[in-house]
Structure formats: C-alpha cells, structure tokens
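Working through the structure, step by step
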Amino acid sequence: MLQKVRGTRDLFPHLSVVLKNTVKTFSEVAELRKYDYISVPTLELEKLYKRTLGEDSDIVMKEMFRIQGKELVLRPEGTAGVMRAYLSSFACAEPKRWYYHGSMFRHERPQSGRYREFYQFGVENIGSPTSPFLDVDLIYMARSCLLQLGLEFKLFLNYLGTTEQRKQYTAELTEYFSRNLEKLSYLSKERFRRKNPLRILDSKEPEDQELVQQAPLISTYTADTHFSLVQSTLRDLGILYEIDEKLVRGLDYYSHTCFEFKYGELTLIAGGRYDALAEQLESAATVPAVGWAAGIDRISSLLSPPPLHSVLGVVNIGNTHSFCLKLSENLRLQGIAVVYDPSMQFKKQLQFLSKEQPTHVIFIGEEELARNTVKVKNFSTQNQREIGIEDLLEDPSIVNKI
Ligand code: HAM
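Not measured: the values here are computed from a predicted model.

1. Some words on a nonpolar patch on the surface
Taken together, the side chains of Ile 317, Phe 346 and Leu 350 make up a nonpolar region of the molecular surface, amounting to roughly 220 Å² of accessible area. Assignment of secondary structure puts Leu 350 in helix H15 (residues 346–356).

So, in structure tokens, the structure goes:
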C-alpha cells in the first residue's frame, strides 16, 4: 500500500472538523475588524524567500521544497507572498488589511506539532503608518482569537529596533561569539559561519545555553519610545506579557516589535512588524507593515470538536423514496443537517442512523403520507409523535418539542 509523505497528515473528519472550526473563529475575528480575505499562490519563485527571509535563514538554507529543475518552491510561509501581491497591485502605499489561510511547506524534522505540510492562518496590515498602537492592535487581535477558542497562553515580546540598530547589535554579538566559538554547538557554529549570530540566540542546543544567557542584550541598542509605548498600551489594556530578549524570530524581514503567543513550549501564533520587507522586494516606496500567523494544526490539537448542530435522520418505510429525498432537501434548504441514505433497506437505515446520532428521526411511510403527516422520534428519549408535513416545513424546530 502507498504511504503518505513523511511529515504530512490525512485529516479525517474528526480532526478536520476542529481545524475548520479554528479557521472559522480566526476568520470571524479578522472580519469584525474589516480584514478582507486574500488568497495568494502556493507556488512562488525561490528568490522571493531568498530576498525576504534571508539567504542564510534556516528556512531558505534547508527547509524549502524546491521544484526540480525550476526556480520554484512551495511557499514556506505567507507574508512574503502577500507583500509581493500587494506591491504588484497597490504600489502607492494604500493601506490594506488582509487575512489568508492555507498550507505552508517546510522540510523540518517532523514531530508532534511540527509537520512538513502545515496550515497557517495569517493577517497582514500593510501600508498603514508605523505605529506602536497598531502593533498592539495586532497583538490584541491574536489574543482575541485564542481567548475565543478558550485557550491558555503566554505572550512574549521583544523589540528588534531598526535595521541600523540591529546591524550594530549583530556586530557586537559576532564579536562575542567569535571569542567563544569553540564552546558553541555544531549547529550554532554553522549559524556563525553563515554570519548569522542573531539566530544563535534561538538555539535549543544544551551546550549553547550558558553562552546565550550571557550574550549582550539587544535592548542596549534598541531602546526607544516605540517599544515603551507598545508596553504601556498593553498594560493599559490589561494584557499580560513577558519580555524575552532572546526572541529574535528566524526571518530577516522583522524590525521593531515582534511577539509570540505560547502554550508551554509550543508557539501558537508569531509575528511582528516588517517595515523593511517591501524594500527587500525592491519597492520604490517604503511600505510599513505588521502581521502574524497562527499554526492551525497546533492550535487545533489543543481543542475538542465543536458541539454538534442538531441533525435530523430520515427513514423511508416502503416506497416513499421520492418524498423522502424531497423533504430532506427542503429541510436542508432551511439550514438543517439531514442524513438520509436511500440505498438502504429499513433495518440498515436504522443501524446507519444510530452511528450518525441524529437528535430526531423522521419516519415516512405510505400511510402517514396519505394523511399528510410524518412520525418523528426523539433519538435519546425515544418519545414519538405524528406531526403534519406542512407544520414541519413551516417550523422544523417543532421537532424539539418531542
Ligand atoms: P513562523 O513563526 O515561521 O512565522 O510561523 C508562524 C506559526 O506557524 C508558528 O508559530 C507555528 O504555530 C506555525 N508553524 C510554523 N512551522 C510549523 C510546522 N513545521 N508545523 C506546524 N506548525 C508550524 C511566519 O510564518 C510569519 N509569516 C508570521 C508573520 C506574519 N509575521 C508577520 N506576518
């Protein structure tokens, strides 16, 4: 038998219903803020990510799925593609609020909560002026999504400053790690060799921890009012946060505020400001932007299935198939879920319905039809009553009285 590709998942209905509900909750939160849905391609040019995430980022170095012989890749994230789309159509810094969702692809070592194909929901606020209050609003939105889903989380913040400030800090980090190169793990030596000392701060390798703890702090280079305002506004809103100076994010396009919402060690939502990304894509205009993306697979794994909507079952007794098909469809047109499988005999239909767990079953026999009625049985109490077809169609909730 053929196996699925490593790091991918078949989402059978008991899982996909949770994912679908998670995306629905996120979409509703975004739409209440008048964010519009945008869909961008899954295939992009490789150079889009080389320029924006950084040639030496982990994603570009070793995690992209390349299409052989072409300069195409499966998108590892959404932000760069959304900015590319924005610049191709709205070059004059017209503010846009967009949300998107879809599969992303990274060739990472698969483990629980980490897949090679995974689903993200993201929001991007592009073209509005750089503002600490807007950064907070984006954080506020992410927090609302998690609260609506009833999840616990911790918010971690850091401030990456401007490109110039980060350059100065990177120079000091380079100097610090070069003095301690021998003590670094193999992976971190690689990061150092790729001139990427900031990423060493992200290291999970045990041998790096002491050096990382004692590394110079980014805040000595980046202290400014933008971040003070982000923090004081969060406090005004009663939003708890912790500063994590080691939170540098793995992608080159971030500047200013960056943040992560975590559940234990698991990052559920991550994002930040990326004012320099448009320039990395050779935009003539400066385009400030801020956004985040949520790991829908991870978030959904913490949730239970949403409560079932009421479902009606239909059973034909004798030759009443046409009427059953019609009645089922008319009820569905009123937004009610109806299960009816006309291929089965009476007994099989009952067995089938006991698995589907409808709240009520409607029995339709020739005798009842002659009286313009149906028999309705409450599946849990087993109470039963005959009701008029017209009454049922006029107000299907009538079954709840049985
Ligand atoms: P990211 O931190 O790379 O940021 O990914 C965002 C979220 O996607 C993570 O916090 C995590 O929940 C989920 N995620 C990432 N990799 C995997 C994986 N292999 N398996 C399962 N879930 C995963 C970005 O992608 C940025 N584009 C976020 C952003 C939007 N920044 C500004 N706007």
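Moving on from the coordinates now.
2. Some points on the packing of helix H1 (residues 13–32) against helix H5 (residues 132–148)
Put simply, H1 and H5 touch, their axes get as near as 9 Å, and they point 140° apart. The pairing of H1 with H5 is recorded here as oblique in orientation. Considering how the two elements wind past one another, H1 and H5 form a crossing that is right-handed. For the pair H1 and H5, contact is made by Thr 25, Phe 26, Val 29 and Ala 30 and by Met 141, Ser 144, Cys 145 and Gln 148, respectively.

3. Some points on the site of the ligand
In the region of the ligand, 23 residues are neighbours, and Glu 77, Thr 79, Glu 108, Arg 249 and Tyr 254 sit closest. Measuring from a nitrogen atom of the ligand, one finds a side-chain N or O atom of Tyr 253 at 3.0 Å. The separation between an oxygen atom of the ligand and a polar main-chain atom of Thr 267 is 2.8 Å. Burial of the ligand by the surrounding chains reaches 96%, relative to a free accessible area of 660 Å².

4. Some words on the sheet that holds strand E1 (residues 36–37)
Across the sheet, eight strands lie side by side as E1-E4-E5-E10-E9-E8-E6-E7; this open sheet has mixed pairing. Since the sheet does not close on itself, it has two edges, and those belong to E1 and strand E7 (242–243), each with one partner. Across six bridges, the pairing between strand E6 (residues 154–159) and strand E8 (residues 255–263) is antiparallel. Across the sheet, Leu 155 pairs through a bridge with Phe 261, a residue of E8. Relative to strand E10 (residues 289–295), H5 is tilted by about 15°, and along the sheet it contacts strand E5 (117–126), E6, E8, strand E9 (266–273) and E10.

5. Thoughts on the packing of aromatic side chains
Counted by the stated rule, this structure contains 14 aromatic pairs. Arranged with centres 5.1 Å apart and planes meeting at 45°, the rings of Phe 26 and Phe 121 form a pair that is tilted. Residue Phe 26 is found in helix H1, and its partner Phe 121 is found in strand E5; the two are separated by 95 residues along the sequence. Three or more aromatic residues link up through ring pairs in this structure, and these residues are Phe 26, Tyr 37, Tyr 99, Phe 121 and Trp 292. Of note, Arg 9 hangs over the ring of Tyr 115, and the distance from its end group to the ring centre comes to 4.4 Å. In this arrangement the basic side chain of Lys 262 is found over the ring face of Phe 156, its NZ or CZ atom lying 5.7 Å from the centre.

6. Quick notes on the side chain of Glu 44
Here Glu 44 lies in strand E2 (residues 43–45). Take Glu 44: its relative accessible area is 6%, and that puts it in the buried class. Engagement of the side chain of Glu 44 in a polar contact is seen with the side chain of Arg 84, the distance being 2.8 Å. Residues within four places of Glu 44 in sequence aside, it is in contact with Tyr 49, Glu 71, Leu 72, Val 73, Gly 81 and Arg 84.

7. Thoughts on unusual backbone geometry
Trans is the common state for peptide bonds, and a negative phi is the common state for residues other than glycine. Within the chain, Gln 357 stands out as a residue other than glycine whose phi angle is a positive 55°. Examined against the element boundaries, Gln 357 turns out to sit in the loop between H15 and strand E13 (360–365). Phi is positive for Asn 372, close to 65°, though the residue is something other than glycine. Structurally, the position occupied by Asn 372 is in the loop between helix H16 (366–370) and strand E14 (373–378).

8. Notes on helix H14 (residues 321–333)
Helix length check: H14 (13 residues) gives 18 Å between terminal C-alpha atoms against 18 Å at 1.5 Å per residue, within 8%. Where H14 is concerned, the buried positions are Cys 324, Leu 327, Ser 328 and Leu 331. Taken end-on, H14 shows its buried residues confined to a sector of 100°, consistent with a single buried face. Exposed residues lying more than 90 degrees from the buried face of H14 are Ser 322, Lys 326 and Leu 333. Taken together, the buried residues of H14 touch strand E11 (311–317), strand E12 (337–339), E13 and helix H17 (389–394). Backbone geometry just after H14 places Gly 335 at a positive phi near 85°.

Cut-offs and rules
- Residues numbered from 1 in each chain as written.
- Predicted model: local features only at pLDDT ≥ 70, side-chain atom pairs only at ≥ 80, totals over all residues.
- Heavy atoms only, no water.
- Patch = residues over 30% accessible without salt bridge, like charges linked within 9 Å, V, L, I, M, F, W, Y side chains within 5 Å.
- Areas by Shrake-Rupley, 256 points an atom, 1.4 Å probe, with all protein chains shown as cover.
- Salt bridge = Lys/Arg side-chain N within 4 Å of Asp/Glu carboxyl O.
- Helix = DSSP H or I, 4+ residues; strand = E, 2+ residues; numbered from the N terminus.
- Axes fitted to C-alpha atoms, helices over the stretch in contact; angles between N-to-C directions.
- Parallel < 35°, antiparallel > 145°, perpendicular 65-115°, else oblique.
- Left-handed = near helix turned anticlockwise from the far one by under 90°.
- Contact = heavy atoms within 4.5 Å.
- Near = heavy atom within 4 Å.
- Polar contact = N/O pair within 3.5 Å; in protein donor to acceptor, adjacent residues only side chain to side chain.
- Pairing = 2+ DSSP bridges.
- Phe/Tyr/Trp six-rings, centres within 6.5 Å; stacked < 30°, edge-to-face > 60°.
- Lys NZ or Arg CZ within 6 Å of the ring centre and 35° of its normal.
- Buried < 20%, exposed > 50% of the residue type's maximum accessible area, 1.4 Å probe, protein only.
- Expected span 1.5 Å × (residues − 1).
- Arc of directions from axis to C-beta.

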